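Structure assessment
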Amino acid sequence: MVKVAVIGGDGIGPEVIGAGVRVMRAAAKNDPSLDLDFTDFSWGCEYYLEHGRMMSEDALDTLAEFDTIYLGAVGWPTVPDHVSLWGLLLPIRRVFDQYINLRPTRLLAGVKSPLAKPGDLDITVVRENTEGEYSDSGGRIYKGTEHEIAVQESIFTRRGVERVVRYAYETAKERQGNLVGATKSNGISITMPFFDEIFREVGEEYPDVKASLMHADALAARLVLSPESFDVVVGSNLFGDLLSEITAAISGAIGIAPSANLNPDGRYPSLFEPIHGSAPDIAGQGVANPSGAIWAASMLLEHNGHPAAGGRILVALEKTLQSGVKTRDLGGEASTEELTSAVIENLGGAG
Ligand code: IPM
Ligand code: MN
């Protein structure tokens, strides 16, 4: 049995996660080996306004008992973003040592990219997920005065860089054998040359992977201009965040792309979520694109020992989009519910 902790979260989170859970349940109906057990947790900004914290006090201990976590989105205008995110998603990533954030994007059949031609875009971003620029080391002094200072340190550890870079080389080896490392050693003169050094060192173990380093600004431009030239991109926490939003957007819409927060050694549960946020502007209207959440569900099953079921979900999603059932962000008129039902139908079942 796969025990799944479900955190819908804020805004469109619960809507798209509800869609993904329906799809997973439908997949389980057709597959006797797939036994899923879902438990809902109503944590998020509403919970915060009531309890003064984003999750219950024992949340991390509770979540540790699950095989995996399925999350919608975190963030709502009534709570500052750094408070909501550092109260829920970011501690989960760090305490559960989910040091890989894997973000595949492909131009799915039936989806129009603003930039790429079909067949041109199949990129996996491997993002560091536990250190780097996302650090709570630092502080502010002389608050409110004209001498106020804010310092926030980027943390790059040999272990942290090595393991994410190694994971990226392994990923490239399984794919087209092409890896680009996102650096910025021209401007950021301490941590980035360190990153580059380790990237090259680890690369010596992978003579079959064609690897190169590219400054993240030029890389951003090249992702837009020639997405077909990329296979796997690895970057620090912040660069991986920015670059994966570009790959998601040029694959049609950020509503499509999934994000797997992996603890590869399996000591802790991994977390699966869509790349997009809580989208307060369209929350509660039933029009959010559930594709990213459904693709994340496919990755969740794959990671938890059910690659065939995960694969079937992605095929059903692609078939649905190809048939023209699309949400507004993709130029269609389908509601969240309609797209989800079409995916379930294409999975060959009622759900
Ligand atoms: C993401 C999100 C988060 C991040 C935010 C909400 C903290 O943008 O998962 O990409 O930057 O990691
Ligand atoms: Mn992001």
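Further up the page is the structure itself.
The sections below set out a description of the structure shown in this document. (Residues numbered from 1 in each chain as written. Chains lettered and ligands numbered in written order. Predicted model: local features only at pLDDT ≥ 70, side-chain atom pairs only at ≥ 80, totals over all residues. Heavy atoms only, no water.)

**Brief notes about the environment of Glu245**
- Relative to the assigned elements, Glu245 resides in helix H9 (residues 237-250).
- Note: C-alpha distance between Glu245 and Glu15 (230 residues apart in sequence) is 21 Å.
- Setting aside anything within four residues of it in sequence, one finds Glu245 in contact with Ile254 and Ile275. (Helix = DSSP H or I, 4+ residues; strand = E, 2+ residues; numbered from the N terminus. Contact = heavy atoms within 4.5 Å.)

**Examining the packing of helix H11 (residues 307-322) against helix H12 (residues 336-346)**
- As a packed pair, H11 and H12 sit with axes 8 Å apart at the nearest point and diverge in direction by 120 degrees. As summarised for this structure, H11 and H12 are arranged oblique, according to the angle between their axes. Here H11 runs over H12; the crossing is right-handed. Two secondary-structure elements touch here, H11 through Ala316, Leu317, Lys319, Thr320 and Leu321 and H12 through Leu339, Ala342, Val343 and Asn346.
- In terms of residue class, the contact of H11 with H12 is made up of 6 nonpolar, 2 polar and 1 charged. (Axes fitted to C-alpha atoms, helices over the stretch in contact; angles between N-to-C directions. Parallel < 35°, antiparallel > 145°, perpendicular 65-115°, else oblique. Left-handed = near helix turned anticlockwise from the far one by under 90°. Nonpolar A, V, L, I, M, F, W, Y, C, P; charged D, E, K, R; others polar.)

**Section: helix H7 (residues 191-203)**
- End to end, H7 covers 18 Å across 13 residues, agreeing with the expected 18 Å (1.5 Å per residue, within 8%).
- Thr191, Met192, Phe195, Asp196, Ile198, Phe199, Val202 and Gly203 are the residues of H7 that are buried. Here the buried residues of H7 occupy an arc of 165 degrees about the axis, which is enough to place them on one side. (Expected span 1.5 Å × (residues − 1). Buried < 20%, exposed > 50% of the residue type's maximum accessible area, 1.4 Å probe, protein only. Arc of directions from axis to C-beta.)

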